[in-house]
Structures are given as structure tokens and as C-alpha cells.
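Fold and geometry: a report
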Amino acid sequence: MIQERFKLNYYILCLMHITSIITGMVCTERLIYLNIYVFTDLHVYLTGGILFIPVIFFIQDIVTEIYGYEKAKSMIFINIFIFIIFAIFMKISSIIDIHFSQNVPDFSIVSNSLPRQTLAFTISFLIGSLLNNYILSNLKRLLGGRFMALRFITSTAIGDLFFQIIAVSIAWYGVIYDFNIIQIALLSYLYKVIFEIL
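Residues numbered from 1 in each chain as written. Predicted model: local features only at pLDDT ≥ 70, side-chain atom pairs only at ≥ 80, totals over all residues. Heavy atoms only, no water.

Mapping Gln 164 onto the fold places it in helix H5 (residues 148-172). When its relative accessible area of 4% is taken as the criterion, Gln 164 is described as buried. Excluding its chain neighbours within four sequence positions, the residues that come into contact with Gln 164 are Ser 169, Ile 184, Ala 185, Ser 188, Tyr 189 and Lys 192. (Helix = DSSP H or I, 4+ residues; strand = E, 2+ residues; numbered from the N terminus. Buried < 20%, exposed > 50% of the residue type's maximum accessible area, 1.4 Å probe, protein only. Contact = heavy atoms within 4.5 Å.)

With that out of the way, let us pick up a nonpolar patch on the surface. Judged by side-chain polarity, Ile 78, Phe 81, Ile 82, Ile 85, Ile 88, Phe 89, Ile 92 and Ile 96 come together as a nonpolar surface patch covering roughly 760 Å² of accessible area. Summarising the element assignment, Phe 81 is placed in helix H3 (residues 69-95). With relative accessibility at 55%, the residue Phe 81 sits in the exposed group. (Patch = residues over 30% accessible without salt bridge, like charges linked within 9 Å, V, L, I, M, F, W, Y side chains within 5 Å. Areas by Shrake-Rupley, 256 points an atom, 1.4 Å probe, with all protein chains shown as cover. Salt bridge = Lys/Arg side-chain N within 4 Å of Asp/Glu carboxyl O.)

Let us now look at unusual backbone geometry. Phi at Phe 147 is positive, roughly 60 degrees, even though this residue is not glycine. Within the secondary structure, Phe 147 sits in the loop between helix H4 (104-142) and H5.

With respect to the helices, strands and loops of the structure, Asn 133 is situated in helix H4. Classification of Asn 133 as buried rests on a relative accessible area of 0%. Side chain to side chain, Asn 133 and Asn 132 meet in a polar contact 3.1 Å long. Leaving out residues up to four positions away in the same chain, Asn 133 has contacts with Gln 60, Asp 61, Thr 64, Tyr 69, Ala 72 and Ile 76. (Polar contact = N/O pair within 3.5 Å; in protein donor to acceptor, adjacent residues only side chain to side chain.)

Dropping the structure here:
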């Protein structure tokens, strides 16, 4: 009974992981413009996916911690495959002409950017996630299973740094100004590390 519950929890975490990936990537195209007038006259951009991407790394940390590096790696590869299939079908469905639907332009905005976002996410996610899980797994072994919070924060800080640099460079280069790309990457990275700390 305990073994079945253990497996069930793994599958639930896998489902939460892919749900966070798909939701985050669909929302990523939406740039959120914030005016920060409290301290400066600074305007910042964040992607809509910023709310979901930290959950992805957090779930991976939990799976790596409880189920091990190999199970986490399997989850990553399976969920990337599922996400790529999702993106392909979204793109195909956006190409099909539907004369009677009035929401086609809105749907096309999301689906037209999805191939570029999928490429950016897949490359950055493979590198950042596998690095994150590898570091977490090795820190667990080196520290004898102690200092879990420190291990989670350290692995996420390093893995997400690679994720952000690669993802934002591929997804937004040539789409928005270079300064805004750096700003998005930096603020997203800080948000994700703070999310992991809290």
C-alpha cells in the first residue's frame, strides 16, 4: 500500500510538472509591463509565464530529493516530449482556417509564437533542469542529506541561471530591445530564486 502511494505521488508530481510547463509556456508570450515609481522612474517587463516557471523547478527539486536523479530526469524528458507534441498540435490547429470563429486572431497570437518559445524552452530546460537536478543530487550525497533548503536554493540558483540566459536569448532576441531582454532575464531569475527561498 505504501509503495502504491509512493508511485501515485510521483505521477501526481509529474502531472503537476507538465501542467506548469504548458501553462507557463502559453502565458510566456504575454509581456507584463510594470511601472515602478516608488523608488525610481524604472519601467520593467516580465513574461506571463513567470508565475509558473518557478513551480517547475520546485517540483523537480522535490522529485529529485524523494525519487532520485534518474526519476527526475525521466520526468523531464517525458514532459518535454509531451510539451513538444502540444506545441505541434497548437501550431497545426492555428493553420486550419475557421471562418465562423471570432477568436482566431487571439489564438494565433499564442500559437504563432509557440514554435520559437518551444525551441527556447526545450534547449534551456534540458540544460538548466538537468544541471539543477545533478547539482541537487550530488549536494544531497555530499552533505549527507542535510541542509535541504540550502541544496534546493543552490541547485535552483545555478540551474535557473543557465535556463534564463538560454531561454530569454532564444525566445526574445530580435523581438524586443536588448536592454529589455537583459531586464526580463534578470528579474525572472531573481523572482525564481526568491520563490525557491520562500
